[in-house]
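The lines below spell out each chain.
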Amino acid sequence: MMALTQTPPKAIQTTPETENLPAYNAREIVGKGTQARLVLDGQTYFLRITRAGKLILTK
């Protein structure tokens, strides 16, 4: 079995336009799993964290 290791997130450079935007931890959103449902104006979207630690948002 292959062991997966997590790397710390890279520092994000903020600009004055993005500095005050809300920030959310995707791992907290998905809880113990790797997927979460997000609803916008009655439409459901799925947020998934891949094995490589990338985010995918699908409808």
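Here the structure is shown first, and the text comes after it.
In what follows, the accompanying structure is described. All residue numbers refer to position in the chain's written sequence, counted from 1. Reporting in this predicted model follows two pLDDT cut-offs: at least 70 for local features of residues, and 80 or more for side-chain atom pairs to be given and counted; totals over whole chains, interfaces and linings ignore these cut-offs and use all residues. For side-chain calculations, the full set of non-hydrogen atoms in the structure is used, while hydrogens and water are omitted.

**Quick look at the pairing of strand β3 (residues 55–58)**
Being paired, for any two strands, means DSSP has found at least two bridges between them. The secondary structure listing takes helices from DSSP runs of H or I that are at least 4 residues long and strands from runs of E that are at least 2 residues long, numbered from the N terminus. As paired strands, strand β2 (residues 43–49) and β3 are joined by four bridges and run antiparallel to one another. From the neighbouring strand, L47 faces β3, where its bridge partner is L57. Two successive antiparallel strands, β2 and β3, enclose a turn made up of five residues, where G53 displays a positive phi of approximately 80 degrees.

**Things to note about the pairing of strand β1 (residues 35–40)**
Here β1 runs beside β2; their pairing, made up of six bridges, is antiparallel. The residue of β2 that forms the bridge with R37 is F46. The antiparallel pairing of β1 with β2 creates a hairpin that spans two residues between the two strands, and D41 there sits at a positive phi of about 50 degrees.

**Some remarks on the sheet that holds β1**
The three strands are arranged β1-β2-β3 in an open sheet whose pairing can be described as antiparallel. In this open sheet, the two edge strands, each paired with only one partner strand, are β1 and β3. Between one strand axis and the next, the sheet turns by 25 degrees as a mean value, whatever way the strands run. Interaxial angles span 0 to 180 degrees and are taken between N-to-C directions of axes, which are lines fitted to C-alpha atoms, for helices over the stretch in contact.

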